[in-house]
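Spelled out from the first residue to the last, the chains are:
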Amino acid sequence: MGAEPDLFKAIGDATRRTILDELTEKDGQTLFEICGRLTMRHGLASSRQAISQHLAVLEQAGLVHTRRQGRYKFHHIDTSPLRSIVERWPIDREEPNP
């Protein structure tokens, strides 16, 4: 199964899915930016530490990659690990004949 358990754990949490939504809308955000957007747009008042832990789970699943620039750490979404779900349960299957 590879990294699938980490992937399912990562997308199984509503806050982590919201973080992915925010990174989809605006990629390359810092922790400060992500926390601000979660508070202002979604009313999520999680601590920076909690959001950082969520980001670590997403990074472990391969859904988020980071890059450092000076003292800033930017978070980027990577949806390629989701392909394993589509490959396991294809969307474009032929309907069975009655």
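Residues numbered from 1 in each chain as written. Predicted model: local features only at pLDDT ≥ 70, side-chain atom pairs only at ≥ 80, totals over all residues. Heavy atoms only, no water.

A ring pair, where both rings are aromatic, is described by two values, the distance of the centres and the angle of the planes. The full count for this structure, using the stated rule, is 2 aromatic pairs. Where F8 meets W89, the ring centres are 6.2 Å apart and the plane angle is 55°; that geometry is what we call tilted. Here F8, found in helix 1 (residues 4-11), pairs with W89, found in the segment after helix 5 (83-88); they are 81 residues apart in sequence, far enough to count as distant. Overall, the relative accessible area of 47% leaves W89 in the partly exposed class. (Phe/Tyr/Trp six-rings, centres within 6.5 Å; stacked < 30°, edge-to-face > 60°. Helix = DSSP H or I, 4+ residues; strand = E, 2+ residues; numbered from the N terminus. Buried < 20%, exposed > 50% of the residue type's maximum accessible area, 1.4 Å probe, protein only.)

Core analysis: the biggest nonpolar cluster contains 17 residues, and A10, I19, I34, I51, L55, L58 and L63 have the highest contact counts within it. Looking at this core, the elements that each hand over two or more residues are helix 1, helix 2 (14-25), helix 3 (31-42) and helix 4 (48-60). (Core = buried A, V, L, I, M, F, W, Y, C linked by side-chain atoms within 4.5 Å.)

Let us now look at helix 1. Along helix 1, the positions that sit buried rather than exposed are E4, L7 and A10. The arc that holds every buried residue of helix 1, seen down its axis, measures 125°, which confines them to one face. Where helix 1 is buried, its residues contact helix 2, helix 4 and helix 5. (Arc of directions from axis to C-beta. Contact = heavy atoms within 4.5 Å.)

Judged from the 6 bridges that link them, strand 1 (residues 64-69) and strand 2 (residues 72-77) form a sheet pairing that is antiparallel. Residue pairing for strand 2: V64 is matched across the bridge by I77. The turn joining strand 1 and strand 2, which pair antiparallel and follow one another in sequence, is formed by 2 residues; a positive phi near 65° is taken by G70. (Pairing = 2+ DSSP bridges.)

Moving on to the environment of T79. Here T79 lies in the loop between strand 2 and helix 5. Distance in space between the C-alpha atoms of T79 and E4 is 13 Å, their sequence separation being 75 residues.

Counted at 1.5 Å a residue, the expected span for helix 4 with its 13 residues is 18 Å, and the 18 Å between its end C-alpha atoms agrees. Among all positions of helix 4, only I51, H54, L55, V57 and L58 are buried. Angularly, the buried residues of helix 4 cover 155° about the axis, an arc narrow enough to put them on a single face. Exposed side chains of helix 4 directed beyond 90 degrees from the buried face belong to Q49 and Q60. Phi turns positive one or two residues past the end of helix 4, at G62, with a value near 85°. (Expected span 1.5 Å × (residues − 1).)

Below, the discussion takes up the pattern of salt bridges. Taken as a whole and judged by the stated rule, the model has 5 salt bridges. Between E25 and R41 there is a salt bridge; the shortest N-O distance is 3.0 Å. With E25 in helix 2 and R41 in helix 3, this residue pair connects regions lying 16 residues apart in the sequence. Residue E25 is classed as exposed on the basis of its relative accessible area of 52%. With relative accessibility at 44%, the residue R41 sits in the partly exposed group. A single salt-bridge network, built from bridges that share partners, covers E22, E25, R37 and R41. (Salt bridge = Lys/Arg side-chain N within 4 Å of Asp/Glu carboxyl O.)

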